[in-house]
Amino acid sequence: MKPLNNHKEISIDSLKEISTWVSFAHDLNQLLELILETGTSIMRAKASSLLLLDQKTNKLYFKVTTGMKKNEVKQFDIKLGQGIVGHVAETGESLLIKDVARDKRWHRSISDKIGFKTRSIACVPMKVQDKVIGAIEFINKAGGDTFQQNDIELLNVFSDLAALAILNARKFRLVQQENEGLKQALELNHNIIGESKAIKDVLADALKVADSNASTLILGESGTGKELLARLIHQASPRKNRRMITINCAAVPESLLEAELFGHERGSFTGASEQKIGKLELADESTLFLDEIGEMSPTMQAKILRVLQDGIFYRVGGNAPISIDIRVIAATNQDIAEGVANGKFREDLYYRLNVVKLHTPPLRDRKEDIPLIARYFADFFKKEKGNYQIEISKPAMDKMIKYDWPGNIRELRNAIERAVVMGNGKQIIPEDLPIIDGEATINRVKFGATLQEALDDFKKRFIEVNLKHTNGNRSKAAAVMGIQRTYLSRLISKFNIKK
Ligand SMILES: Nc1ncnc2c1ncn2[C@@H]1O[C@H](COP(=O)(O)OP(=O)(O)OP(=O)(O)O)[C@@H](O)[C@H]1O
Ligand SMILES: [Mg+2]
């Protein structure tokens, strides 16, 4: 936009345009930049900044800046009450300073450090319902002019627009999160089934801790419902309206770790064309589910620990600390205490995560639940596949009760799904189950699977055999199979291969 001499007529149009954008744009940063740039141009200022007040630290951070030194200035933060902006944010009153050198309140060190000669400043607070949320300042008028009282009036319009944009964005994020929370609850279409004492005890404990903010560690074999339990705790907690955020610690590549956890600012590294909100920030005021923590890399352990200790972090390329309020639930099917003993898992992190410990019992320890769960999944899949008559025959049920289910509920669920699809459409009979004499069968090639399913099935069994022959040593198994260890680990979690 060209600098304008007379801001009266032109500004009305720009403002109208901005105010339509404010109501539907959801990229807050872009919108604030637009507001500030338009303001700067209309005011014929040489530079400008929009600062936000962090209520927890009582400091102002540069959110958007314009002018020659716009990048340099972002590294600073300003205490409430410090300098012109700090003063405006503290008092909630605008300031028009024609010559800063003559004003005691001016805090010259930032200008000095970045080598910018500040002469005059017009600064107004940004308010939402009378509460100051930040401030906007315009610096040095073009052509050596000084800011006038009518500039302050115009500036107030910009600051109101910016405050509105921020308020809208926050509301939007809140609504979006609430929607996602609801959606997630609906998607959680499997309840935790079981009448055994073992499962009832865990459920009772889970509901007891749900109310608190206590970090909760869920231990249990693969397929025993750890994730399901984590969701249940979240859904029963005061944080239920927000979406639970899951990080699968085994699946985050080291190179993306920081961006994934902390997010990044636009332009913070090559390829960062957009601002990205990290998982930690998404989990603010919600639950963070750290899944497969036994697989967490040492770097990730260090980073997560820092955040849990400090409660703040920085986006990659960002200078403003972000404070978060999260409740952590962690899960693993590994012996994490052993991991601590042999130095693979940090003890300090372990103690942070392990405030409350819950164990999901293996299916073989609660065999009385097998008929219940089997019928539940038979019902579920017959509805899903549109096949309404199917029953589980007595011999099939007996066979299921006898079997030990090393893959636990996931294995039972898969067995039933397969039996519903493969069976005669009336009754599940023992032959429909992929178990022979208490051992899972080496699956024969069957008609009805896609090539991908058959290949995945083969890969899974191939890895299991190799792990068995190397006593679970992943490096050895990977070497034998001629693949990278990291790739093997990924396949192991993809196919949920148990130890
Ligand atoms: N008590 C239960 N009642 C009904 N379904 C269950 C129960 N427990 C687990 N399931 C189902 O079993 C499957 C595996 O559960 P989940 O993913 O929570 O296990 P997990 O312990 O996280 O396994 P892994 O360690 O392999 O990640 C899911 O489909 C889940 O819905
Ligand atoms: Mg899981």
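Refer to the structure printed above.
Computed from a prediction, not measured in an experiment: that's the story for all the values here.

**A few points about the overall build of the protein**
Across its full length, the protein carries 19 helices and 19 strands. Counted over contacts in the protein with a minimum sequence separation of 6, partners at least 24 positions apart contribute 69%. Accessible surface, the protein: about 25,800 Å² in total, of which carbon and sulfur atoms supply 52%.

**Some thoughts on the packing of helix α14 (residues 370-384) against helix α16 (residues 408-422)**
At a minimum axis separation of 9 Å, α14 and α16 run at an interaxial angle of 45 degrees. Comparing their axes, α16 and α14 come out oblique. α14 and α16 meet at a crossing whose hand is right-handed. On α16, the residues that touch Ile370, Ile373, Ala374, Phe377, Ala378, Phe381, Lys382 and Glu384 of α14 are Ile409, Leu412, Arg413, Ile416, Glu417 and Val420. Across the contact of α14 with α16, the residue classes break down as ten nonpolar, no polar and four charged.

**With respect to the packing of α14 against helix α15 (residues 394-402)**
Running from N to C, α14 and α15 point in directions that differ by 125 degrees, and their axes come no closer than 10 Å. Classed by the angle they form, the pair α14 and α15 counts as oblique. Note on packing geometry: the crossing formed by α14 with α15 is right-handed. Along its contact with α14, which presents Ile370, Pro371, Ala374 and Arg375, the element α15 presents Met397, Met400 and Ile401. Residue classes in the contact of α14 with α15 are distributed as six nonpolar, no polar and one charged.

**A closer look at the environment of Leu412**
Along the polypeptide, Leu412 turns up in helix α16. Looking at Leu412, the relative accessible area reads 0%, which means it is buried. Every residue in contact with Leu412, bar those within four places of it in the chain, is listed here: Leu363, Ile370, Ile373, Ala374, Met400 and Trp405.

**With respect to helix α7 (residues 197-210)**
For an α-helix, 3.6 residues make a turn, and residues three or four places apart therefore share a direction. A rise of 1.5 Å per residue sets the reference length of α7, with its 14 residues, at 20 Å; its end C-alpha atoms lie 20 Å apart and thus fit the reference within 8%. Within α7, burial applies to Ile199, Val202, Leu203, Ala206, Val209 and Ala210. Buried residues along α7 cover an arc of 130 degrees about the axis, so they all sit on one side. Within α7, the exposed residues directed more than 90 degrees away from the buried face are Lys197 and Lys208. Taken together, the buried residues of α7 touch β7 (216-220), α8 (226-235), β14 (327-332) and β15 (356-360).

**A short note on empty space enclosed by the protein**
As enumerated under the stated definition, the model contains one cavity of 30 Å³ or more in all. Roughly 310 Å³ of internal volume is contained in the largest cavity. If you trace the largest cavity, you find 26 residues lining it, with Val73, Ile110, Ser111, Glu137 and Ile139 closest to the centre. When its residues are assigned to classes, the lining of the largest cavity shows 13 nonpolar, ten polar and three charged.

**Digging into the site of ligand 1**
In the vicinity of ligand 1 lie 19 residues, with Ile193, Ser222, Gly223, Lys226 and Asn496 positioned nearest. Within the contact set of ligand 1, an oxygen atom lies 3.3 Å away from a backbone nitrogen or oxygen of Thr224. When ligand 1 is considered free in solution it has 630 Å² of accessible area, and contact with the protein chains removes 92% of it. Listed by contribution, the elements that provide at least two residues to the shell around ligand 1 are α8 and α16. A breakdown of the residues in the shell around ligand 1 according to their chemical character gives five nonpolar, eight polar and six charged.

**Things to note about unusual backbone geometry**
Of note, the phi angle at Arg44 is positive, near 55 degrees, even though the residue is not glycine. For Gln129, which is not glycine, the phi torsion reads 45 degrees and is therefore positive. With respect to the element layout, Gln129 can be found in the loop between β5 (121-128) and β6 (131-141).

**Some words on the nonpolar core**
Core analysis: the biggest nonpolar cluster contains 31 residues, and Leu280, Leu290, Ile293, Met296, Met300 and Phe345 have the highest contact counts within it. Elements supplying a minimum of two residues to this core: β7, β8 (245-248), α9 (257-262), β11 (287-291), α11 (298-310), β14, α12 (336-341) and α13 (347-353). Counting residues in each nonpolar core, the second largest holds 29 residues, with Ile42, Met126, Leu161 and Ala163 among its members.

**Re the sheet that holds β6**
Read across the open sheet, the six strands follow the order β3-β2-β1-β6-β5-β4; overall the sheet is antiparallel. Sheet topology places β3 (77-79) and β4 (95-97) at the edges, where each strand pairs with a single neighbour. Neighbour to neighbour, the strand axes of the sheet diverge by 25 degrees on average, direction disregarded. Note: β5 against β6, eight bridges, orientation antiparallel. Across the sheet, residue Lys127 finds its bridge partner in β6, namely Val132.

**As for the packing of aromatic side chains**
Tallying each qualifying case throughout the model produces seven aromatic pairs. Between the aromatic rings of Phe458 and Phe462, the centroid separation amounts to 5.5 Å while the plane-to-plane angle is 15 degrees, which identifies the pairing as stacked. You can see Phe458 and its partner Phe462 sitting in helix α17 (residues 451-469), four residues apart, about one turn around the helix.

Rules used throughout
- Residues numbered from 1 in each chain as written.
- Chains lettered and ligands numbered in written order.
- Predicted model: local features only at pLDDT ≥ 70, side-chain atom pairs only at ≥ 80, totals over all residues.
- Heavy atoms only, no water.
- Helix = DSSP H or I, 4+ residues; strand = E, 2+ residues; numbered from the N terminus.
- Contact = heavy atoms within 4.5 Å.
- Areas by Shrake-Rupley, 256 points an atom, 1.4 Å probe, with all protein chains shown as cover.
- Axes fitted to C-alpha atoms, helices over the stretch in contact; angles between N-to-C directions.
- Parallel < 35°, antiparallel > 145°, perpendicular 65-115°, else oblique.
- Left-handed = near helix turned anticlockwise from the far one by under 90°.
- Nonpolar A, V, L, I, M, F, W, Y, C, P; charged D, E, K, R; others polar.
- Buried < 20%, exposed > 50% of the residue type's maximum accessible area, 1.4 Å probe, protein only.
- Expected span 1.5 Å × (residues − 1).
- Arc of directions from axis to C-beta.
- 1 Å grid on protein atoms, 1.4 Å probe; cavity = no way out; pocket = protein on both sides within 12 Å on 5 of 7 lines; lining within 4 Å.
- Points joined across faces, edges and corners; volume = space filled by probe spheres on them.
- Near = heavy atom within 4 Å.
- Polar contact = N/O pair within 3.5 Å; in protein donor to acceptor, adjacent residues only side chain to side chain.
- Core = buried A, V, L, I, M, F, W, Y, C linked by side-chain atoms within 4.5 Å.
- Pairing = 2+ DSSP bridges.
- Phe/Tyr/Trp six-rings, centres within 6.5 Å; stacked < 30°, edge-to-face > 60°.

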